[in-house]
Amino acid sequence: SGLSCNCRVVQPTSCMARQAHIELNLIKSGLVTYLYGGNKIQVGAGRLVAFWSAIPHQIVGSSSNAEFYAMTLPLTWFLQLRLPEEFTHQILEGQVLGEPQASAKGDYEMFDQWIEDLKSPQLGGDRIVMLEVEARLLRLALLAGLALTV
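Residues numbered from 1 in each chain as written. Predicted model: local features only at pLDDT ≥ 70, side-chain atom pairs only at ≥ 80, totals over all residues. Heavy atoms only, no water.

## Quick notes on the sheet that holds strand S3 (residues 31-36)
Then comes step 1: Spatial ordering of the open sheet is given by S4-S3-S6, a layout of three strands whose pairing is antiparallel. Of all the strands in the sheet, the pair left with one neighbour each is strand S4 (39-44) and strand S6 (57-62). Pairwise comparison of adjacent strand axes, ignoring direction, gives a mean angle of 30° for this sheet.
Then comes step 2: In this structure, S3 lies alongside S6, joined through five bridges in antiparallel fashion. Bridge pairing in S6 places Tyr36 opposite His57. (Pairing = 2+ DSSP bridges. Helix = DSSP H or I, 4+ residues; strand = E, 2+ residues; numbered from the N terminus. Axes fitted to C-alpha atoms, helices over the stretch in contact; angles between N-to-C directions.)

## With respect to empty space enclosed by the protein
Left-over empty space is what a probe sized like a water molecule reveals as it rolls over the atoms.
Then comes step 1: A full pass over the atoms with the stated rule returns one cavity of 30 Å³ or more.
Then comes step 2: Considering only enclosed or pocket space, the largest cavity measures out at about 40 Å³ in volume. (1 Å grid on protein atoms, 1.4 Å probe; cavity = no way out; pocket = protein on both sides within 12 Å on 5 of 7 lines; lining within 4 Å. Points joined across faces, edges and corners; volume = space filled by probe spheres on them.)

## Topic: the environment of Val96
Then comes step 1: Among the structural elements, Val96 can be located in the loop between helix H2 (85-92) and strand S8 (97-98).
Then comes step 2: The class for Val96 is buried, based on a relative accessible area of 6%.
Then comes step 3: Separated by 46 residues in the primary sequence, Val96 and Ala50 have C-alpha atoms spaced 5.8 Å apart. (Buried < 20%, exposed > 50% of the residue type's maximum accessible area, 1.4 Å probe, protein only.)

## Some remarks on the sheet that holds strand S7 (residues 67-74)
Then comes step 1: A sheet is described by the order of its strands in space; here five strands give the open sequence S1-S7-S2-S5-S8, paired in antiparallel fashion. In this open sheet, the two strands that pair with only one neighbour each are strand S1 (4-9) and S8.
Then comes step 2: Examined bridge by bridge, S1 and S7 share six bridges and lie antiparallel to one another. Bridge pairing in S7 places Cys5 opposite Met71.
Then comes step 3: With respect to the sheet, helix H3 (residues 107-117) is in contact with S1, strand S2 (21-29), strand S5 (48-52) and S7, its orientation differing from that of S7 by roughly 55°.
Then comes step 4: The strands that helix H4 (residues 125-143) touches are S2, S5, S7 and S8; relative to S7, the one it contacts most, it runs at about 105°. (Contact = heavy atoms within 4.5 Å.)

In structure tokens, the structure reads:
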């Protein structure tokens, strides 16, 4: 389905990536530095960011203890969500959107649950995840509103 979620230690990458999905990254610990569309963006623990991974991007640096959750959402599914139009446009125009400050209240547990739910899609786990992700993106859209800049 293209819907996936995992948690991993941050490893800087040697080349730019481009995929046709929307990515959500929640920094679990440490600090991560992305190069996204030619701009460096630093994201610290507790921050959730969303971006369109078709824009060339890579992780160029991190603190020694950096760990993050990465979720991929199929673009076709993202486009069907009832999110604020401005939020969707900003993502598709190549902006990285995130909450203005760390606000991971409950997010770590939710991402852990999504990882477990996606292991059993035949039991409806993928549908539950999709509904919860839509709600979380709506909250992000309402709280974010602005592109992250460094």
